[in-house]
Amino acid sequence: MRIGIIGTGRIGTFHAKVLSRHAHVGGLVVTDVDAERAALVARAIGATAAPTADEVFAWGVDAVVIASATSAHAELLTRAARAGLPAFCEKPVAADLPGTLRALSEVAAAGTLLQLGFMRRFDAGYRAARDAVRAGRLGRLHTVRAVTSDPAPPPAAYLPLSGGLYRDCLVHDFDMVRWVTGREVVDVYATGSDAGAVMFREADDVDTAAVLLTLDDGTLATATATRYNGAGYDVRMELAGELDQLAVGLDDRTPITSTEPLGPPAASRPWTGFLERFAPAYEAELDAFVRLVLGERDNPCDGRQALEALRIAEACELSRRQRRPVRLDEIPGLATAS
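Quick caveat: nothing in here was measured; it's all calculated off a predicted structure.

> How do you make sense of the overall build of the protein when you look at a structure like this?
Across its full length, the protein carries 13 helices and 13 strands. Here the protein has a C-alpha radius of gyration of 20 Å; the compact-globule value for 338 residues is 20 Å, and the two agree. Expressed along its principal axes, the backbone C-alpha trace of the protein runs to roughly 60 × 50 × 45 Å. In the protein, the share of contacts with a sequence separation of at least 24, taken over all contacts with a separation of at least 6, comes to 70%. Carbon and sulfur atoms provide 52% of the accessible area of the protein, an area that totals close to 15,000 Å². Taking the average place of the 36 positive charges on the side chains of the protein and the average place of its 44 negative ones, the gap between the two points comes to 1 Å.

> It is not clear to me how the pairing of strand β11 (residues 234–241) should be interpreted in this structure. Could you clarify?
A regular strand places its side chains so that they alternate between the two faces of the sheet. Burial analysis of β11 places seven of its eight residues in the buried class, which makes it a mostly covered element. Pairing of strand β7 (residues 141–149) with β11 involves eight bridges; the strand directions are antiparallel. Within the sheet, the bridge partner assigned to V144 lies in β11 and is L239. With four bridges joining them, β11 and strand β12 (residues 245–248) adopt antiparallel strand pairing. Each residue of the ladder has a partner; that of M237, found in β12, is V248. The loop that links β11 with its antiparallel partner β12 comprises three residues.

Thresholds, definitions, all that
- Residues numbered from 1 in each chain as written.
- Predicted model: local features only at pLDDT ≥ 70, side-chain atom pairs only at ≥ 80, totals over all residues.
- Heavy atoms only, no water.
- Helix = DSSP H or I, 4+ residues; strand = E, 2+ residues; numbered from the N terminus.
- Rg over C-alpha atoms; globule rule 2.2 N^0.38 Å.
- Contact = heavy atoms within 4.5 Å.
- Areas by Shrake-Rupley, 256 points an atom, 1.4 Å probe, with all protein chains shown as cover.
- Lys, Arg positive; Asp, Glu negative; His and termini not counted.
- Charge placed at Lys NZ, Arg CZ, Asp CG, Glu CD.
- Buried < 20%, exposed > 50% of the residue type's maximum accessible area, 1.4 Å probe, protein only.
- Pairing = 2+ DSSP bridges.

Structure below.
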């Protein structure tokens, strides 16, 4: 199989290295708006560097991996769909909801494969939690708590392009709430704080956020996120039921310190970022994509799944701005957009 990789930034380079070692991948064509960077990556892994994305589509690849800037995702997905090529795309599908709906409509019309990069679906801890919930180990699930905390803010130039904290960061937690519990979110109430650096206010974003989600069976979920967690990169989920409780992401590298005299010691080597924390999950999702293209497995995260997580994020942004609860049926989906 020959795969084209569009975008050789941090995550695109990681994907290229992983795919270069895959037994079923016979060749890679990589490109980037920074041609020199793409050439360096190509030389390092024995791939072919293409001047632009045009050549990736023209040089006969069997599938594409889209890891470019968010602003280019929708156009590249549309090109892949019209070319009949399976695509793996980092989230988001597009910079906004209308663009997402248009791109997904193109994929649906073409009937091509699209897998979205929600890597937590491949993390061992989240998968074990999902299995436990589905098996009834917790009894009736009543409370879910999700946490995502970055050790430091991103560059100021990134913020206006990110879509905001709900769409850029918490969208992974929203996907996990749905995927682990098997339930749908019916309404949200979200708030946020921009008390950090002025760049957040300039980007009309927040640096810290909290969300209350009500699921369709009455389960309550909270999700919090911040760009300021100097202790390290912290991603966790707690699930509480009538019979038991489970925690995802609680290990000897979790950047949290107990104040109890007999509590666990503070992590001596806390997680530093998402690529380190979720490296095995990223590798597993790319293996899933290769096997999806080969017809060996079902799609683990198609466009509709990604859209539902985005709709929750959109509802949160609306809730924050209007300071009110927002029902999910207020946010357009593919059915209402068609």
